[in-house]
Structures are given as structure tokens and as C-alpha cells.
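Each chain, letter by letter, is given below.
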Amino acid sequence: MSGRIPQAFIDELIARADIVEIIGSRVALKKAGREYKACCPFHNEKTPSFWVSPDKQFYHCFGCGAHGTALGFLMQYDQLPFPEAVEDLAGRYGLSVPHEGGSSVRAPVDDMAPLYDLLGRVAEFYAASLKASTRARHYAAGRGLTDETMAQFQIGYAPDAWDELMRHFGGSSEQRRQLAATGLIIERSSGSEGYYDRFRDRLMFPIRDTRGRVIAFGGRVIDQGEPKYLNSPETALFQKGRELYGLYETRRARQALKRLLVVEGYMDAVRLHQAGITYAVATLGTATTPEHLRRAFRLVSEIVFCFDGDRAGRGAAWRALQNVLSQAREGREIRFLFLPEGEDPDSLVGVEGSRAFEARLQEALPLSEYLIAHLRTEADLSHADGKAHFVALARPLIEKIAPGVYRDLLLERIAQALGTSIERLQQWLKVEPTPERAAASSPSAVSGVDRGGRGSLLTQAISLLLHHPGAAAAVTERQRQALLGISHAGIAVLRELLEEQRAQPARSMAQTLERWRDRPEYRRLNELAASEPLVSEPSAAGRELVQAVERLLDVQLRGGRLEVLIEKARREGLSDSEKQELQALTSSQSRGGAR
Ligand code: UTP
Ligand code: MN
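Quick caveat, the model's predicted, so the values are computed rather than measured. (Residues numbered from 1 in each chain as written. Chains lettered and ligands numbered in written order. Predicted model: local features only at pLDDT ≥ 70, side-chain atom pairs only at ≥ 80, totals over all residues. Heavy atoms only, no water.)

Colleague: Break down the pattern of salt bridges for me, citing the residues and quoting the values.
Modeller: For the structure shown, the criterion picks out 34 salt bridges. Close ionic contact of Arg294 with Glu291 constitutes a salt bridge, the shortest N to O distance being 2.9 Å. A residue pair is termed a helical-turn pair when its members lie 3 or 4 positions apart in one helix, as Arg294 and Glu291 do in helix α12 (residues 290-299) at three residues. Owing to a relative accessible area of 10%, Glu291 belongs among the buried residues under this scheme. In this structure, Glu477 engages Arg480 in a salt bridge whose closest nitrogen and oxygen atoms are separated by 2.8 Å. (Salt bridge = Lys/Arg side-chain N within 4 Å of Asp/Glu carboxyl O. Helix = DSSP H or I, 4+ residues; strand = E, 2+ residues; numbered from the N terminus. Buried < 20%, exposed > 50% of the residue type's maximum accessible area, 1.4 Å probe, protein only.)

Right under this line is the structure:
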């Protein structure tokens, strides 16, 4: 695990980020006064109730209750865990995420720079070696690759020798360490000294990240041999389950990208691009992962998986389906294309051309249809036992899909296939029906923050500070000192918020929220953030805050006096004036707002 991300970095990131831009790249936002609105991406609606505030750097759906900061949006929309949402956001602003202490697999980016550089130079070396090798050029041409395609994908050749990279790039021990760190050379097992090249006599496919940096290679034997493809091992720069071969080239094609075609092989992706299908990417000898899909759905709303028609292809397709269910939801289209037995995209597009191939894409099976068709091959729906078996097979799959419109529609289709109602099916599957409104996160006993509702003075003060961080400046020195004297747990939160804003004023509500993300009070603060501010005019907020704090202090001080009087009454009795005072205090206490 990598170390903790410093709070100061997140603070800076939120200050730089623009939530309108981030949400706007995924949801069509319309300007409405100072804010922006859209149909909510988290529930199905026809009239917009999803609002984005540039001032607060916060979004809120009045229909389903979804709300949060830019990071919260990335977490919710792309289903990213917090550190990845930070990575994603930082990446947009060209920032690298620092990690504090601890052992980190992913070294700081500065340490990586020489590795990227080395891999880039090795790719150039391989490309030059291809030009120099008649045998390799002949093979590539025989596979139908044009010079232009080879240049575009920077396809190369690893010469047939054990020490090419050592000779060209391994002059110093530091250089050899770097070569080994990228997996390009392998240390000889005990007994003999030194290293040898991983890739020898292979056609080389550089794998590039979305910024175009070479992070790994795939190498195919020339003609026959085992293994047919050899890939770089996983390294600090390269994780197979994340990368899609050809994604950089796809993005570079500068097309209006609507869908991605996911194929299995390097050659498939390259040949499809060459044929003009420039939205093809390949998984790297692994099953499709949810992470692949998350990345893909950041770019497009439609993904077509393409599999060979043979048994291996069908097996791979079913594995892919299981892995992508967690990413299925309304607004995303996932389909499966099965090619005729014995064909792969490379061979097929070569034979029939891109138009006929694209026509096949139109026929690809939607995920739901494929799921049902596959289960039908395992369960005979003509009798009750078969239906029960079908339901048993479907349950673990359905459970992977998030509740929502997509799952409901799939359930409807399955119910139809089984000849039953959706309610019955839900009973059989024991899945919870999708709630009408995503419940506003249920308040638990949040330590510290008073749960007296909007009316409580403390809640008012905290809410004002959240929505208008600048209001903190209006609080007087006397008030600050007085607050220090109160030990009430909720007041401690108010005090801390005030001090925080004085020391380092937040520029938006989002910034304050992110500072509190790891604290137990975060949940309650987040709820307050989504509730409407008491004061919408920033200029009035300071005045409101001062008044709220004043009343709060008053109530607290009187509460203290009350306790003293009650105690005295119990012990020794009160004088007449004390009785009057007690009476006044208790009656104002029951009228007053705070508890
Ligand atoms: P295929 O065996 O379908 O290869 O493997 P292909 O793409 O059709 O290759 P050509 O046309 O014979 O050149 C598909 C993918 O599976 C991975 C590679 O990523 C390959 O592109 N693979 C395959 C391996 O990693 N190792 C292997 O030995 C074979
Ligand atoms: Mn092939």
C-alpha cells in the first residue's frame, strides 16, 4: 500500500479544481443563474433537479439527495475509491500525488521519470532494429502491416541476441538496475553472473499510457514458437489489469469518440486501426477488469467486447461479463460481439473490410441478452426445476449490479424470460427493490455535532461556517475566547472550524469538507452541506454567524448558571432573588432554541 496522501495536497487540489468542468465533462450542464443544473446522473429523471455550485464547489440533487465535492463526484460517478479519485483529479491538473511515509509500491513520480525515459529510448531502439532487419520487416509485411501503421504504433523488433539491451543501455550499474526495474532484462539465476534480455527475436508492441509514455512491451515470436506472445511483467509503471493497448492511439485519432471496441489481441487492435476502426483497444492477455471498464467509461458511454467464436472466446466472454457487471448502469451500453468460429478481428477485417465489420458491431448482443442467453444454455426453462436453477445461477450475477434503473430493467427482462412478475422475481432473488429516493445518508450518532436539526443554534453556526467560510472573520475575539471556556462536544467542532478558517481560509465549502473527510463528524457536516444554507447572501453570513455565536454563548452561560442554582437548591435552598433568577432562566430555557 502506498502511504497516506497529505491533507495539504488535497486542500490545494480542491482549491485548484473546478467542479463545473469536472461534472460538465460527463453530464450536460446548463447555466441557471449563478449555478448549473442538469438531469441527475444518479437517478432517472426528466426534469433537472441536479445542481452544481461553482462558488461552493459542490453538487446536490434535490431529487435523490446525491451530493458532494468534486472528489465525491468522481467517487460516486466513476465508482473510484478515494485515493484513485485524488489521482484522477490530480492528473487533470498535471499534479503528481505525493504520499507520506510508509512503504509505497508506487514510488514518487520523480523516481519514475528515468524509467519512462529509458522505456521510450528502448522503443526507439526496437523500431530502428525493425527497419534494419529484413526478416522482421518481411514478417510484419506478411501480417499486412503498413509502414504508416508501424510508425503510428511504434512497432519494433527485438534482435535475436541475449545482450542487446545490456550493450546499448546497460553501461552503468544504475542503468542496469533501471533496465531490470522495467522488466526488460532478467537477472541470471544463481551460479552465473549478470543479466539477459527478456525479449529476443520478437516483433515488439510498445504499450503506452494515455499520455503516450511507453510503460511496457508485448512481443510476438516471428513465425512459430512458444510462448507466442511475451509481455513485460507488472512493474511500478505497468499493471495489466489497468491498461488497454491502443487507448493512447485511439485518443490521438482525434475523433468524436462514441464507443470503444475491446478486442483480445495486439494484432487485432492494430489491424482494426489500420482499417479505419480507430476506436479499438485490446486487453493485455488478461480478463477484462472493472478497472478497465471504469477507464473506458470515462471516455465513452458505449463499449463493445469482441470475442472469437471458439470455445476459448466464449469462455473469455463469460468471464468478462462477470467482471463488468459492477460497472453496468443506465446511460452505459455494454455489448458482446461473437465472431464466426476460427476468425479473429485481425483476420476478419482483412477479409471483409471495415464496413462489413462495423455492420457486425450493430448486431452485438446487449449484456442483458447475452446474460439471459448464456444462462438458458445452462437451465431449461420449460419446467420448474430448470427455472429454479436459472434463478440460482442469476442471483450472484444480479447481486453485482448496483441497484437502479439498469438493474430493474434487467430484472424485468429476466422475469419476462421466466414468465413471472418482477415482484415475484425480486422475492426469489431476495434482492432489495431499488429505493425510490436514494436515502439521504442516515444520520448516526455523530459524535460532536449537535443533532438538534436546522433550528439548533450550534447547527446554524456550523452550517453558516460551512457554506460561507469567509464568515469566520466576523467572529470577535471576545467570542472566540468565550467559546474556549465551553466544554460541550459540539462546540469543540465549531471552535475548530473557526480556528481552521482563521488560520487557512477555505475558498469553498468543498475545501472545508475535504479537510474533514476522515473525521467522525464528516458525515453530519456533509448532510449540513447538502441542506440549504440559512443565509444565501455571503455578505450577510458574517452578521448571522456573530449573532448565532452570541446566542449560543448566552444559552451556554445561562445553562451553567442554571446548574449551579439547581445544585444549590438541592443542598441548602435558594434566596428569594435566586428563586426569581431560576424561574427566569427555566422559562427562557424552554423558549430558547438550543439544547
Ligand atoms: P491470440 O492467441 O488470440 O493471438 O492471443 P492473436 O492476437 O490472434 O495473435 P496473432 O494474430 O497470432 O499474432 C490474444 C492475446 O492474448 C495474449 C496477447 O495479448 C495476445 O495479443 N497472449 C496470447 C499472451 O499474452 N501470450 C500468449 O502466448 C498468447
Ligand atoms: Mn490473430
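Once you've had a look at it, read on.
Colleague: Tell me about the domain arrangement of the protein chain, and name the residues and values.
Modeller: Here the domain parsing of the protein chain yields domain 1 (7-92), domain 2 (106-238), domain 3 (379-429) and domain 4 (457-590). Here the C-alpha centroids of domain 2 and domain 4 sit 64 Å apart. (Domains from an automatic or database assignment.)

Colleague: Please give an account of the pairing of strand β14 (residues 302-307) that cites residues and values.
Modeller: Here β14 lies mainly inside the structure; six of its six residues are buried. Burial along β14 is two-sided: Glu302, Val304 and Cys306 facing one way and Ile303, Phe305 and Phe307 facing the other are all buried. Examined bridge by bridge, strand β12 (residues 259-263) and β14 share four bridges and lie parallel to one another. Along β14, the bridge assignment pairs Val262 with Phe305. Here β14 pairs with strand β15 (residues 333-338) via six bridges, running parallel. Each bridged residue has a counterpart across the sheet, and for Phe305 the counterpart in β15 is Phe336. After leaving β14, the chain enters helix α13 (residues 311-324) and then returns to the sheet as β15, a path that is right-handed. (Pairing = 2+ DSSP bridges. Right-handed = clockwise from strand over helix to strand, strands pointing away.)

Colleague: Could you give me a rundown of the site of ligand 1, with the residues and numbers involved?
Modeller: Around ligand 1, 14 residues are found, and the nearest of them are Arg143, Arg220, Lys228, Tyr229 and Asp344. Contact distances for ligand 1 include 3.0 Å between an oxygen atom and a side-chain N or O atom of Asn231. Contact with the protein chains removes 75% of the 570 Å² of surface that ligand 1 exposes when unbound. Those elements that place two or more of their residues in the shell around ligand 1 are β11 (229-231) and α11 (266-274). The biggest single contributor to the shell around ligand 1 is α11, with three residues. Along the lines of polarity and charge, the residues of the shell around ligand 1 split into four nonpolar, three polar and seven charged. (Near = heavy atom within 4 Å. Polar contact = N/O pair within 3.5 Å; in protein donor to acceptor, adjacent residues only side chain to side chain. Areas by Shrake-Rupley, 256 points an atom, 1.4 Å probe, with all protein chains shown as cover. Nonpolar A, V, L, I, M, F, W, Y, C, P; charged D, E, K, R; others polar.)

Colleague: A description of the packing of aromatic side chains should follow, citing residues and the corresponding values.
Modeller: Applying the stated criterion across every chain, the model contains 25 aromatic pairs. Taken together, a centroid distance of 6.0 Å and an interplanar angle of 35° make the contact between Phe153 and Tyr245 tilted. A residue pair is termed long-range when its members are at least 10 positions apart, and Phe153 in the loop between α7 (147-152) and β6 (156-158) and Tyr245 in the loop between β11 and α10 (247-252) qualify at 92 residues. Cluster of aromatic residues (ring-pair linked, three or more members): Phe305, Phe307, Trp318, Phe336, Phe338 and Tyr370. (Phe/Tyr/Trp six-rings, centres within 6.5 Å; stacked < 30°, edge-to-face > 60°.)

Colleague: Lay out the environment of Arg220 with the relevant residues and their values.
Modeller: Mapped onto the elements, Arg220 comes out in strand β10 (residues 214-221). Distance in space between the C-alpha atoms of Arg220 and Met267 is 9.5 Å, their sequence separation being 47 residues. With sequence-adjacent residues up to four places away left out, Arg220 is seen in contact with Tyr139, Arg143, Asp201, Arg202, Leu203, Phe205, Lys228 and Tyr229. Separated by 3.0 Å, the side chains of Arg220 and Tyr139 make a polar contact. (Contact = heavy atoms within 4.5 Å.)

Colleague: How would you sum up the side chain of Glu514? Please name residues and give values.
Modeller: Tracing the backbone through its elements, the reader meets Glu514 in helix α22 (residues 509-515). The contacts of Glu514, once residues within four sequence positions are left out, are Gln7, Ile10, Ile14, Thr69, Leu71, Gly72 and Phe82.

Colleague: Could you give an account of the packing of helix α3 (residues 70-77) against helix α4 (residues 82-92), naming the residues involved and the relevant values?
Modeller: One way to put it is that α3 packs onto α4 with a least axis distance of 9 Å and a crossing angle of 115°. Considering only the axes of α3 and α4, their crossing is right-handed. For the pair α3 and α4, contact is made by Ala70, Leu71, Leu74 and Met75 and by Phe82, Ala85, Val86, Asp88, Leu89 and Arg92, respectively. Broken down by class, the residue content of the contact of α3 with α4 amounts to eight nonpolar, no polar and two charged. (Axes fitted to C-alpha atoms, helices over the stretch in contact; angles between N-to-C directions. Left-handed = near helix turned anticlockwise from the far one by under 90°.)

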